[in-house]
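# Examining the three-dimensional arrangement
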Amino acid sequence: MLLLHTFAVPALCAESSRNDIESASDLLPLSWEELTELDVSSLSRQTQSVKDSPAAAFVITSEDIRRAGVTSLPEVLRMVPGMDVAKINAWNWAVSARGFNDLYANKLQVMIDGRSIYDPLVSGVYWGQQNPSLQDIERIEVLRGPSGSLWGANAVNGTINIITRSAKDTQGGLLYGGGGTEEQGFGGIRYGGKLDDSTFLRGTINGIQRDASTDLSGNRDTHDYGNAQNGNFRLDSQLTEHDQLMVEGNVSRYRLHGYFIGISSPTPPLWRQDDFGRDGFTGSLQGSWKHHTDSGHYSDLNLSYTQTDWQLAMNEMSRSHLVLDFHHSLPEYDSHHLMWGLNYQIINDNFNNSLTLGFEPDQFTQHNIGLFLQDQIDLSDDLILTLGNRIEHFTFTGWETEPNARLMWTPNKQHSLWAAISRAVVLPNRAQHSIRLFKPIPGSSTFFEAAANPQMLTENLLAYELGWRWQIANNLDIDTALFYNIYDRMQGTKFDGNVRTDPNFGSILEATVGNYRQVKSYGLETALNYRVNHDWRLQASYSANRFHVDYDPNIAWFRDPQTEPHSNPQQTLSLRSLFNLTNEIELDLWGRYVDKITVDTVSNIPAYFTMDVRLGWHPHKDLELSFSGQNLLDNQHPEFSDILYIPVASQIQRGYLAQVSWRF
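Residues numbered from 1 in each chain as written. Predicted model: local features only at pLDDT ≥ 70, side-chain atom pairs only at ≥ 80, totals over all residues. Heavy atoms only, no water.

Take the overall build of the chain next. The number of helices and strands found in the chain is eight helices and 41 strands. In terms of overall dimensions, the chain has C-alpha extents of about 70 × 55 × 50 Å along its principal axes. Per-residue burial for the chain yields a buried fraction of 58% across its 664 residues. Considering only contacts in the chain between residues 6 or more positions apart, those separated by 24 or more positions represent 63%. Side-chain charges in the chain split into 50 positive and 78 negative, and the spacing between the mean points of these groups amounts to 3 Å. (Helix = DSSP H or I, 4+ residues; strand = E, 2+ residues; numbered from the N terminus. Buried < 20%, exposed > 50% of the residue type's maximum accessible area, 1.4 Å probe, protein only. Contact = heavy atoms within 4.5 Å. Lys, Arg positive; Asp, Glu negative; His and termini not counted. Charge placed at Lys NZ, Arg CZ, Asp CG, Glu CD.)

This part covers the sheet that holds strand 3 (residues 56-61). Reading across from one edge, 3-8-9-6-7 is the order of the five strands in this open sheet, with mixed pairing throughout. Since the sheet does not close on itself, it has two edges, and those belong to strand 3 and strand 7 (115-116), each with one partner. Strand direction decides the pairing type here: strand 6 (residues 108-112) and strand 7, joined by two bridges, are antiparallel. For Ile 112, the partnering residue across the bridge sits in strand 7 and is Arg 115. (Pairing = 2+ DSSP bridges.)

Right, let's talk about the pairing of strand 29 (residues 459-473) for a bit. By the bridge criterion, twelve bridges tie strand 26 (residues 415-426) to strand 29 in an arrangement that is antiparallel. What sits directly across from Trp 418, in strand 29, is Gly 467. Where strand 29 lies against strand 30 (residues 476-502), 13 bridges are found, and the strand directions are antiparallel. Of the residues in strand 30, the one forming a bridge with Trp 470 is Ile 478. Hairpin connection between strand 29 and strand 30: a loop of two residues separates the two successive antiparallel strands.

Counting residues in each nonpolar core, the largest one holds 42 residues, and the members touching the most others are Leu 121, Trp 310, Phe 448 and Phe 640. For this core, the secondary-structure elements that each account for two or more residues are strand 10 (172-180), strand 14 (243-256), strand 21 (357-359), strand 28 (447-451) and strand 35 (597-599). Look past the residues within four positions of Leu 121 in its chain and what remains in contact with it is Tyr 126, Trp 310, Met 317, Arg 319, Phe 351, Phe 359, Asn 429, Arg 430 and Ala 431. Formed by 28 residues, the second largest nonpolar core is a distinct cluster that contains Ala 68, Val 110, Ile 112 and Trp 127. (Core = buried A, V, L, I, M, F, W, Y, C linked by side-chain atoms within 4.5 Å.)

Take unusual backbone geometry next. Trans is the common state for peptide bonds, and a negative phi is the common state for residues other than glycine. Cis geometry is adopted by the peptide bond preceding Pro 361, which originates at Glu 360 and carries an omega value of 0°. With a phi angle near 60°, His 223 is a residue other than glycine that sits in the positive phi range. Positionally, His 223 belongs in the loop between strand 12 (199-210) and strand 13 (226-240). The phi dihedral of Arg 489 is positive, around 55°, even though this residue is not glycine. Here Arg 489 lies in strand 30.

Before going further, it helps to spend a moment on the pairing of strand 6. The buried count for strand 6 comes to five of five residues, which makes it a mostly enclosed element. Neither face of strand 6 is left uncovered, since the one carrying Leu 108, Val 110 and Ile 112 and the one carrying Gln 109 and Met 111 both have all their residues buried. As defined by bridge partners, strand 6 adjoins strand 9 (residues 158-164) across five bridges and the pair is classed as parallel. By the bridge assignment, Gln 109 is partnered in strand 9 with Thr 159.

Looking now at the environment of Gln 374. Mapping Gln 374 onto the fold places it in strand 22 (residues 363-380). By relative accessible area, which is 6% here, Gln 374 ends up buried. With 125 residues separating them along the chain, Gln 374 and Gly 249 place their C-alpha atoms 31 Å apart.

For the structure shown, the criterion picks out 36 salt bridges. Two residues, Glu 639 and Arg 78, come together in a salt bridge whose shortest N-O distance is 3.1 Å. Remark: Arg 78 occurs in the loop between helix 5 (73-77) and strand 4 (83-87) and Glu 639 occurs in the loop between strand 39 (636-637) and strand 40 (652-653); sequence separation between them is 561 residues. Here Glu 639 matches Arg 78 in class, with each residue buried. (Salt bridge = Lys/Arg side-chain N within 4 Å of Asp/Glu carboxyl O.)

Mean pLDDT over the chain works out to 89, with 92% of the residues at or above the 70 mark. Here residues 1-32 scores under 50 on pLDDT; set against residues more than four positions off or in separate chains, the count is 126 contacts. (pLDDT = per-residue confidence, 0-100.)

Tracing the sequence through the fold places Asn 404 in strand 25 (residues 404-409). Polar side-chain contacts of Asn 404 include one of 3.2 Å to the side chain of Arg 406. (Polar contact = N/O pair within 3.5 Å; in protein donor to acceptor, adjacent residues only side chain to side chain.)

Further remarks concern the environment of Leu 195. In this fold, Leu 195 is placed in strand 11 (residues 183-196). The class of Leu 195 is exposed, set by a relative accessible area of 54%. When the C-alpha atoms of Leu 195 and Tyr 656 are compared, they prove to be 41 Å apart, with 461 residues separating the residues in sequence. Not counting residues up to four positions away in its chain, the partners in contact with Leu 195 are Leu 201 and Leu 235.

Here we take up the packing of aromatic side chains. Taken as a whole and judged by the stated rule, the model has 19 aromatic pairs. Both rings, one in Trp 536 and one in Phe 579, keep their centres 5.6 Å apart while their planes meet at 55°; by these two values the pair is tilted. With Trp 536 in strand 32 (residues 536-550) and Phe 579 in strand 33 (residues 571-580), the pair connects residues that are 43 residues apart, well separated along the chain. When its relative accessible area of 29% is taken as the criterion, Trp 536 is described as partly exposed. In this structure an aromatic cluster arises from ring pairing among Phe 100, Tyr 487 and Phe 547. Taking NZ or CZ as reference, Arg 210 lies 4.5 Å from the ring centre of Trp 91, over its face. The positively charged end of Arg 576 is found above the aromatic ring belonging to Trp 590, 5.2 Å away from the centroid. (Phe/Tyr/Trp six-rings, centres within 6.5 Å; stacked < 30°, edge-to-face > 60°. Lys NZ or Arg CZ within 6 Å of the ring centre and 35° of its normal.)

Along the polypeptide, Gln 129 turns up in the loop between strand 7 and strand 8 (137-144). Look at Gln 129 and you get buried, because its relative accessible area is 7%. A polar atom in the side chain of Gln 129 sits 3.4 Å from the side chain of Arg 278. What Gln 129 contacts, discounting residues up to four positions off in sequence, is Ser 252, Tyr 254, Arg 278, Thr 282 and Trp 310.

So this is what it looks like as C-alpha cells:
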C-alpha cells in the first residue's frame with residue numbers, strides 16, 4: 001500500500017465543492033494519521049481506511065488533480081509510483097502498471113464509478129476517448145498488483161477506479177475554460193440542483209480541442225489534432241435511512257485525427273498512408289443501489305449499459321456491453337468478515353470489415369460470469385489475514401480461478417507491514433480470437449497477414465508482494481512495496497513459415513499469435529512525503545523494474561520477443577513541490593525522470609527529465625486563475641512509439657496553458 005496523496009480532505013468531506021478553493025490554505029498541515037484514515041471503497045470493495053489496506057494502494061485526490069494543472073486522465077496518473085505513463089501522440093497514450101506498457105496495455109483494469117472502460121476488443125483502454133470533466137472527479141483509487149479475486153480477469157498488474165463527486169457535493173454552478181499552445185481550447189459548465197431534501201441532480205458539458213504533435217525531425221506536425229465533447233448527468237438520492245440510489249449517464253463524441261494503421265485495396269496504389277483517425281461515439285447509463293441494515297449487512301447492486309460505435313477508414317464497429325455486478329458484506333462473526341459477490345456480462349459486437357482489417361465472424365456475443373468469496377480474519381489486534389478466490393467462466397476460455405492471500409501486521413502506529421500471494425489472469429480478447437490484419441511489415445515493402453488464434457489461452461500471473469509503511473516523524477513518512485511476478489502463457493506473434501505470392505501485393509508472410517513465452521519481473525516502488533511546514537509539502541517517488549523472458553530464439557518473431565525488458569523503463573523518478581506562497585497564491589513544481597526504452601527494436605526512445613510548473617491565484621474564494629508550463633526542459637521529446645498501428649512517430653512538445661474557473 002503506497003502513500004495517500006495529501007491535499008483533499010476538505011474536498012472529500014465538504015458538502016459543497018464551493019469549499020475547495022476556500023479551504024486550500026488549510027490543507028498542508030494535516031497529519032499523516034488524518035490523511036491515511038480516509039475511507040476508500042475500490043481497494044477492498046468495502047469501506048476501509050487506506051492505511052489498513054494490505055496492498056500497494058495510492059489515492060489521487062481532487063486537490064492533487066487541481067494542483068497538477070493538467071487536462072487529461074493519463075497526465076494525472078503520472079504521479080502514481082509504479083505507473084508507466086507515456087504519451088504516444090496528441091490523443092494516444094501507453095499506460096500500464098509494473099511494466100508491459102503498450103498502446104493496448106492489457107493488464108490494467110480501469111473503471112469510472114465501478115463501470116469498466118477496459119475495451120474487450122483489444123484488452124486495453126482507448127485513453128483518447130476518455131475525456132471526463134476533471135473537476136467532477138472526487139478521487140482516483142489506484143491499486144498496483146493483482147486484484148483479480150475482487151475485480152475479475154484483466155485486473156492483473158493494476159486496478160484504477162475513477163470516482164466522481166456526488167450530485168449533493170456539486171451544488172450550484174461551475175464555469176471553467178482555458179487554452180494554450182498544445183491544448184488549443186477547452187472548457188465546460190456544470191450545474192447542480194436540489195430536487196428535494198434527499199435527492200440531488202447535476203449536469204456537466206465539456207469539450208476540448210488539441211493541436212497536433214511534431215514528428216521526429218521536429219519540422220512537421222503528425223496530423224494528430226482532434227476534438228472531443230462530453231456530456232454527463234448524475235442523480236443521488238437517499239431513498240431511506242438504509243438505501244442509497246445513484247444514476248449516472250454519459251455521452252462522448254470524438255474525432256481524433258492521425259496517421260494510423262492505413263488502408264489497402266486490391267488495385268494500385270495498394271497501400272497509402274493518410275489520415276485514418278477515429279470518429280466515434282460512446283454512451284453509457286449506470287445505476288447503483290446500496291443497502292445496509294442495522295445488523296451489519298451491506299449490499300451493492302450495480303447495473304451498467306455501454307454502447308460504443310466508431311468508424312475508421314478501414315473498419316466500423318458497433319458494440320453493446322451490459323454488466324450486472326453485485327456484492328454483499330456480512331456482519332462480523334467470531335473475528336470473520338465475510339464478503340461475496342457475482343458478476344455477469346453480455347458483450348455483443350458487429351463489424352463492417354475491409355481488406356486491411358476484419359473480424360471473423362463479424363458479429364459475436366460473449367457471456368461471462370464470475371463469483372467471488374473473501375474472508376478477512378482478525379487473528380489478533382495487530383494481525384489480519386485476508387483470503388479470497390474468484391471463479392469465472394468465459395466464452396473464449398472456459399473456467400478460471402483467481403485466489404488471493406494477504407497478511408497485514410501493524411505492531412504500532414509508526415509501522416505497518418503486509419505480504420501477499422495472488423493469481424490473476426488476462427482474458428484473450430476478441431481481436432486475438434477473430435482478427436485478420438493485412439498490411440506491410442514496418443520498414444519493408446513486404447506484406448504480412450496476421451491470423452487469429454481461436455485456441456488462445458489466458459495469460460496468467462503468480463505474484464509475490466511485500467509492503468512496509470513507516471511514519472518516521474510527524475511530518476515525514478515513507479511507503480515501500482516489493483514484488484516478484486511470474487507470467488506464464490504470455491502472448492507472442494511469430495511468422496509461421498508460410499509465404500504466398502499475390503499478383504498485386506507480391507510476397508505475403510503469414511503470422512499467428514499464441515501463448516509462446518514466459519516472463520518474470522521484479523521491482524521496487526517507494527514514495528516519500530515530507531511536510532516542511534504549514535505551507536510547503538514535498539513528495540518523491542521512485543520505481544525500478546527488471547524483466548527476464550523465456551522464449552525460443554529459433555522462431556521468426558514478428559514483434560520483439562524481448563518486448564518487456566526493451567520497451568519498459570527500468571527506472572522512473574517523480575519529484576513534486578507544492579507551496580502556498582500566500583493564502584491566495586500557489587506555486588507547484590513537478591519534475592519527472594524516465595529511463596530509456598526501445599520499441600520493436602527500431603524505435604529508440606532516449607531517457608528524459610522534464611519539469612512542469614504551475615502558478616495559481618485565488619483573487620476570490622469562487623474564482624481561480626492559473627498558468628502552467630509543461631515539458632519545460634526541452635523543445636520536444638519522444639515518449640513512446642508503436643509503428644505497427646501508428647506508422648508516424650511523434651514527439652511531445654513544450655507547452656503553456658492558462659486556466660480559469662468560476663463558481664456561482
